[in-house]
Amino acid sequence: MYAYGYNLVYTDELKKAKKNTYQIKRDDSFDFDTTQILYLNNNQYRKVSITSDKSFDNLQKNQKIFFDVQDVVTFWANISSDIIYYKLHKNGTHELVNYWLTHTFLPILLTIENKYYYIHGGAVNIEDKAVLFIANSFGGKSTLTDFFIKKNHTMISDDKVATYLDEDKVIAVPSYPYHRPYRKVEDLGLYTQNFQERTSEINSIYNLIKSPQNSEINISEIKGIEKFTALRYATDIDLRVNTQSRFDKLSTIANKLKVYNIIIPWDKNRLEEVYKSIISHQKETK
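Predicted model only: the values in this text are computed from it and were never measured.

A. Main features of the overall build of the protein chain. The number of helices and strands found in the protein chain is 5 helices and 19 strands. For 286 residues, the compact-globule estimate of 2.2 N^0.38 gives 19 Å, and the C-alpha radius of gyration of the protein chain, at 19 Å, lies within 12% of that figure. Projected onto its principal axes, the C-alpha positions of the protein chain cover 60 × 35 × 35 Å. Looking at the protein chain as a whole, 53% of its 286 residues qualify as buried. Of the roughly 14100 Å² that the protein chain leaves accessible, carbon and sulfur atoms contribute 44%. Taking the average location of the 38 positive side-chain charges in the protein chain and that of its 35 negative ones, the two points are 1 Å from each other.

B. Region of the structure containing the sheet that holds strand β3 (residues 21-26). The 8 strands lie next to each other as β1-β2-β3-β8-β7-β6-β5-β4, forming an open sheet whose pairing is mixed. Two strands close off the open sheet at either side, each with one partner strand: β1 (2-3) and β4 (36-43). The pairing of β1 with strand β2 (residues 6-10) spans 2 bridges and is antiparallel. Looking across to β2, one finds that Y2 is bridged to N7. Sheet strands in contact with helix α1 (residues 94-112) are β1, β2, β3, β4, β5 (46-52), β6 (64-69), β7 (73-78) and β8 (83-88), and its direction is about 35 degrees off that of β7.

C. Structural view of the side chain of S157. Relative to the elements of secondary structure, S157 occurs in strand β12 (residues 155-157). Under the relative-accessibility criterion, S157 is labelled buried at 0%. At a separation of 2.6 Å, a polar atom in the side chain of S157 contacts the main-chain carbonyl oxygen of K160. Once residues lying within four places of it in the same chain are set aside, the contact partners of S157 are G121, G122, A123, T145 and S175.

D. Summary view of the packing of helix α2 (residues 141-150) against helix α5 (residues 271-285). In contact at an axis separation of 11 Å, α2 and α5 are set at 75 degrees when each is read in the N-to-C sense. The angle between the axes of α2 and α5 places the two elements in the roughly perpendicular class. Facing T143, L144, F147 and F148 of α2, the residues of α5 in contact are L271, E272, V274, Y275, I278 and I279.

E. Examining the pattern of salt bridges more closely. Overall, the coordinates contain 15 salt bridges when judged by the stated rule. A salt bridge links D28 to R26, with the nearest nitrogen and oxygen atoms 3.0 Å apart. For R26, a relative accessible area of 39% gives the class partly exposed. For E273, the salt bridge goes to R270, with nearest N and O atoms at 3.1 Å. Residue class for E273 comes out partly exposed when judged on its relative accessible area of 38%. The class for R270 is buried, based on a relative accessible area of 15%.

F. Representation of the environment of R26 in the model. When you line up the elements, R26 lands in strand β3. In terms of polar contacts, R26 uses its side chain to reach the side chain of D28, at 3.0 Å.

G. Geometry of the packing of aromatic side chains. All chains considered together, the criterion is met by 24 aromatic pairs. Ring geometry for F67 against W100: centres 6.1 Å apart, planes inclined by 45 degrees, an arrangement best described as tilted. With F67 in strand β6 and W100 in helix α1, this residue pair connects regions lying 33 residues apart in the sequence. Since its relative accessible area comes to 0%, W100 is described here as buried. Cation over ring: K210 sits above W266, and NZ or CZ is 4.3 Å from the ring centre.

H. Fine view of unusual backbone geometry. Here the phi dihedral of N62 falls at roughly 75 degrees; this positive angle occurs in a residue that is not glycine. Note that N62 resides in the loop between β5 and β6. Accessibility expressed as a relative area gives 46% for N62, which makes it partly exposed. For N152, which is not glycine, the phi torsion reads 75 degrees and is therefore positive. A relative accessible area of 66% places N152 in the exposed class.

Rules of the game
- Residues numbered from 1 in each chain as written.
- Predicted model: local features only at pLDDT ≥ 70, side-chain atom pairs only at ≥ 80, totals over all residues.
- Heavy atoms only, no water.
- Helix = DSSP H or I, 4+ residues; strand = E, 2+ residues; numbered from the N terminus.
- Rg over C-alpha atoms; globule rule 2.2 N^0.38 Å.
- Buried < 20%, exposed > 50% of the residue type's maximum accessible area, 1.4 Å probe, protein only.
- Areas by Shrake-Rupley, 256 points an atom, 1.4 Å probe, with all protein chains shown as cover.
- Lys, Arg positive; Asp, Glu negative; His and termini not counted.
- Charge placed at Lys NZ, Arg CZ, Asp CG, Glu CD.
- Pairing = 2+ DSSP bridges.
- Contact = heavy atoms within 4.5 Å.
- Axes fitted to C-alpha atoms, helices over the stretch in contact; angles between N-to-C directions.
- Polar contact = N/O pair within 3.5 Å; in protein donor to acceptor, adjacent residues only side chain to side chain.
- Parallel < 35°, antiparallel > 145°, perpendicular 65-115°, else oblique.
- Salt bridge = Lys/Arg side-chain N within 4 Å of Asp/Glu carboxyl O.
- Phe/Tyr/Trp six-rings, centres within 6.5 Å; stacked < 30°, edge-to-face > 60°.
- Lys NZ or Arg CZ within 6 Å of the ring centre and 35° of its normal.

Here it is in structure tokens:
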């Protein structure tokens, strides 16, 4: 399976992995180290935690990172390694392992390794560039992303957009070929063949403003602290690691990209209007 620029290969054998490949190996013998706790909370109605054998204040190569979903699965990996181990618990299934690995643990690991900055949003390809949709919870990101997919735009991400900086460009890395135009916990979603596996330069970001059904669709650029705040609020995998470099990345993203508020009438029958407005706006600002 593809996820965030890597191939995930389940195997019982340990061998030299190909470039951009993670070997996923079951190992029910390892102990879950809780010496250092970074995160302990509820997620998807599960008790989850991120721990390590060393301090998170000074991350080191080969430091062990553990991610435990109580009664389901525990993952661990060494920083900068290409092998991820997992241990199944009494309620664990292959489907749940795949969900927690792809949706949560791998983005956590890549964030800790400081490879990507994750934005919580949908992303599609328009005119060969990535366009992102961010919003408050239940703000319509997945619904709008799904509408663009049905209009034959390739999906880059439906939930977590991995980004990195390449000279003067901000690049979006595709997540995985599933999307959820609905609400269901512990579910990767519907498989889509209309998925883009190559990276794309990000052209712009639309901040969806949920509005009454009869509202006029309007797009306006936001700048300064309002833009930074919108992007900060849309940050995903917001962990207390690499704090300064992550702040610098967010600041650079805010400086390099245009972000727009778009008034979204809360009426699915008007999605075609919203779609046409964004396509027209993209052409105007190209």
